[in-house]
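One letter stands for each residue in the lines below.
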2 protein chains.
Amino acid sequence: MTQPSPTFHAEDFEKPDGRELTLYGLEPVRVESEIPTPGDPVQARPVMRWHPLRSEWVMYAAHRLNRTFLPPPDYNPLAPIQEGGHPTELPRGVYDLAVFENRFPSLTLDAPEPEPVQGAVVRAGVGRCEVVVFSQSPEGRLADLTPGQMTLLIEVWADRTTRLAATGKIRSVLAFENRGVEVGVTLHHPHGQIYAYDHIPPVQARLLDSARGYMEKNGRPWLADFVAGERAAGLRVLHDEGAALSVVPPFARYTYETWVLPARPVALLSDLSAEEKAAFARTLKDALLRLDALFGVRMPYLLTVHQGPVGGDPHPEFPLHIEIYPYLRAPGRMKYLAGTEQGAGEFANDKLPEVAAQELRNLTV
Amino acid sequence: MTQPSPTFHAEDFEKPDGRELTLYGLEPVRVESEIPTPGDPVQARPVMRWHPLRSEWVMYAAHRLNRTFLPPPDYNPLAPIQEGGHPTELPRGVYDLAVFENRFPSLTLDAPEPEPVQGAVVRAGVGRCEVVVFSQSPEGRLADLTPGQMTLLIEVWADRTTRLAATGKIRSVLAFENRGVEVGVTLHHPHGQIYAYDHIPPVQARLLDSARGYMEKNGRPWLADFVAGERAAGLRVLHDEGAALSVVPPFARYTYETWVLPARPVALLSDLSAEEKAAFARTLKDALLRLDALFGVRMPYLLTVHQGPVGGDPHPEFPLHIEIYPYLRAPGRMKYLAGTEQGAGEFANDKLPEVAAQELRNLTV
């Protein structure tokens, strides 16, 4: 197979405080100002501690507590710097998306060994936290990206995953978007984040175990059977592009939980062809538009991109997919994680997935 | 050892819609009105579905969506019924605490087998959801209970666990309190809930695995070494009653996360002696008062009581304890579960546990 011609452009820069910045564009990137940074360098010394009963790591980043919080409308660190204005994170110029290292990271690639603490199992908080700015415009939503820009975002998530794997220090990459003041979002400019871990975190480990068990038992990846089953049932599919589709999964934990899946089972975004990425992007845009149309308000949500492990043996059994957790279970009614969800790890959902899917499918978007 | 004289009184009743009610008192219980119920019987047909990637059950209870929500101040279903007033859940009379089956349960002991659904692994939602009313007074907080009433609550949680185990259908009992409008609490009368599962849910399964591994490796229960270690370190202990103590654990996931532990490792509240229950109750009251004193506001929190499995072999290695997750990480700043917490199962905390413990310890309560 010949290498396709590049579908996007990327240029790397270094910020004055040493952090990395990459600008991505559908057209060639052009910078028309200095590369800014919004304040003094931050000394990040993140650490991890072992939770011996939950058998998981907890991240500590004491420098994060005073991070930028609901700034006044005239200051937006994610907008391009204006002439004579307060320094932001991004330059003026021609580009669509931007990625830079979080100024207040929970994990860094060069985290120093921490001092020992009596009674705690501590280690360096090795990993990486990145900010992904979806657009130069401070207004708008992820769903407002053009199909081309949305496909670029898929390429950017794939590119970051490939780059982070290439550091040799990363085992798992989680891209996500957390949207809505209702759920603590501190900056309204459309953006997401990436957390890259030097180990496989609990959720990904659980998914990998389940997918491996399914493959061993059935000889096929879980995703292949799931997609075929959802198409056959026809009860929960919201949108089907052929190469990608969206469903309310039959085991939805959130009332209007929506998954975006490729039809061909792969573990990583970079495994998708250009055509598959475009179909995946169109399906994602459709899913987000449906959630905003549902109650006629911007649905607060968490969107997470689940990819298989990197930096080790390939895991083709891991099902690449996006999970969207909408936080409204009815107009004006938020879903909170209370006793059973947090205390037992088991979700209570007020509505059957088939009913939720029908409501979402019937919307015109 | 002779049986101690009863430290509390309990009387069972049946509500007009068939639900069970138990009134508990430090003095003998006396009822001075009819046993009310606030509305028509609710047809609960809860079901569970299997999440094949997270390998956990999800509960569906479609009748829950329209449950009582922020009623006007003149209607409080958890207050004793007033003469000529709207029916509530509780009678007038002499008692301190009350427990009844939730009118809108996510699980019931007699849940019927559900119809099959194409593409979903379904089964009956067998279990039990109970409401625990902490006081006849609609004002006040759990922390306002007298030491005697707080000890009674420990007895009530123990008694419910014993009764639920005796049904032969329950494997795990989770008592919890979710407090604060910030986290979706719909009724302000001080109360908690109990979820009883017919299986061991993910969090309890993980804790049990970890505790079993520790016991096999070290020959001692984890809790014994943890308590000795925290006392030796002296960095994170908030209050120590001898038979019980509170700490900010060295692996706290929430900024001011507080654990209440018995000094003697046991798996169930019913394993504690009367004296140990009283010390545990005093330590719990102290911990709650500290959290409210911290920022001078009623701290929104989730409190969960972690007990070992019931209805099977005893698990003395399981560490009985209470975990309190305070949702404020600073004055006016809520902790939300975002990308890394929900998408990866890994928490980011802004403050080291030793610092949080010092702040809580320095308070006068």
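Being a predicted model, the structure only gives us computed values, none of them experimental.

(A) Spotlight on the nonpolar core. Grouped together as the largest cluster of nonpolar side chains are 184 residues, with contacts concentrated most on Trp 157, Leu 284 and Leu 303 of chain A together with Trp 157, Leu 284 and Leu 303 of chain B. Contact partners of Leu 303 of chain B, with chain neighbours within four places excluded, come to Leu 142, Trp 157, Ala 175, Phe 176, Glu 177, Leu 284, Leu 288, Ile 322, Glu 323 and Ile 324 of chain B.

(B) A look at the pairing of strand 2 (residues 20–25) of chain B. All names here are of chain B. Counting buried residues along strand 2, five of its six residues qualify, which places the element largely inside the surrounding structure. Counting the residues that bridge the hairpin from strand 1 (residues 9–14) to strand 2 gives five residues, and of these Gly 18 lies at a positive phi of roughly 95°. Across four bridges, strand 2 lies against strand 7 (residues 97–101) in antiparallel orientation. Bridge pairing in strand 7 places Thr 22 opposite Val 99.

(C) Spotlight on the interface of chain A and chain B. With 82 residues of chain A at the interface, the matching set in chain B holds 82 residues. Put simply, chain A and chain B have four salt bridges between them. In this assembly, chain A and chain B are joined by 34 residue pairs in polar contact (both at pLDDT 80 or more). With six residues, helix 2 (residues 202–218) of chain A is the largest single contributor of residues to the side of chain A that touches chain B.

(D) Structural detail: the UniProt feature "domain: Galactose-1-phosphate uridyl transferase C-terminal" (unreviewed entry) in chain A. Here the UniProt feature "domain: Galactose-1-phosphate uridyl transferase C-terminal" (unreviewed entry) sits at residues 209–364 of chain A. The span residues 209–364 of chain A shows a helical share of 38% and a strand share of 21%, and its end C-alpha atoms are spaced 38 Å apart.

(E) Fine view of the pattern of salt bridges. All names here are of chain B. Overall, the coordinates contain 61 salt bridges over all chains when judged by the stated rule. The shortest N-O distance in the salt bridge between Arg 141 and Asp 292 comes to 2.8 Å. Taken together, the positions of Arg 141 in the loop between strand 9 (127–133) and helix 1 (147–166) and Asp 292 in helix 4 (residues 274–295) put the pair 151 residues apart, joining distant regions of the chain. On the accessibility criterion, Arg 141 (18% relative accessible area) is buried. Residue class for Asp 292 comes out buried when judged on its relative accessible area of 7%. Here Glu 241 ties to Arg 282 by a salt bridge, and the two come within 2.8 Å at their closest N and O atoms. Here the residue Glu 241 occupies a position in the loop between strand 12 (237–240) and strand 13 (244–247), and Arg 282 occupies one in helix 4, the gap between them amounting to 41 residues.

(F) How the structure looks around the packing of aromatic side chains. All names here are of chain B. Scanning all chains against the criterion turns up 25 aromatic pairs over all chains. Between Phe 251 and Trp 259 the ring centres are 5.3 Å apart and the planes differ by 75°, which places this aromatic pair in the edge-to-face class. The same class applies to Phe 251 and to Trp 259, which are both buried. Aromatic side chains Tyr 256 and Phe 295 sit 5.7 Å apart centroid to centroid with 85° between the ring planes, which places their arrangement in the edge-to-face category.

What counts and what doesn't
- Residues numbered from 1 in each chain as written.
- Chains lettered and ligands numbered in written order.
- Predicted model: local features only at pLDDT ≥ 70, side-chain atom pairs only at ≥ 80, totals over all residues.
- Heavy atoms only, no water.
- Core = buried A, V, L, I, M, F, W, Y, C linked by side-chain atoms within 4.5 Å.
- Buried < 20%, exposed > 50% of the residue type's maximum accessible area, 1.4 Å probe, protein only.
- Contact = heavy atoms within 4.5 Å.
- Helix = DSSP H or I, 4+ residues; strand = E, 2+ residues; numbered from the N terminus.
- Pairing = 2+ DSSP bridges.
- Salt bridge = Lys/Arg side-chain N within 4 Å of Asp/Glu carboxyl O.
- Polar contact = N/O pair within 3.5 Å; in protein donor to acceptor, adjacent residues only side chain to side chain.
- UniProt positions renumbered as here; feature names shortened; annotations may be inferred.
- Phe/Tyr/Trp six-rings, centres within 6.5 Å; stacked < 30°, edge-to-face > 60°.

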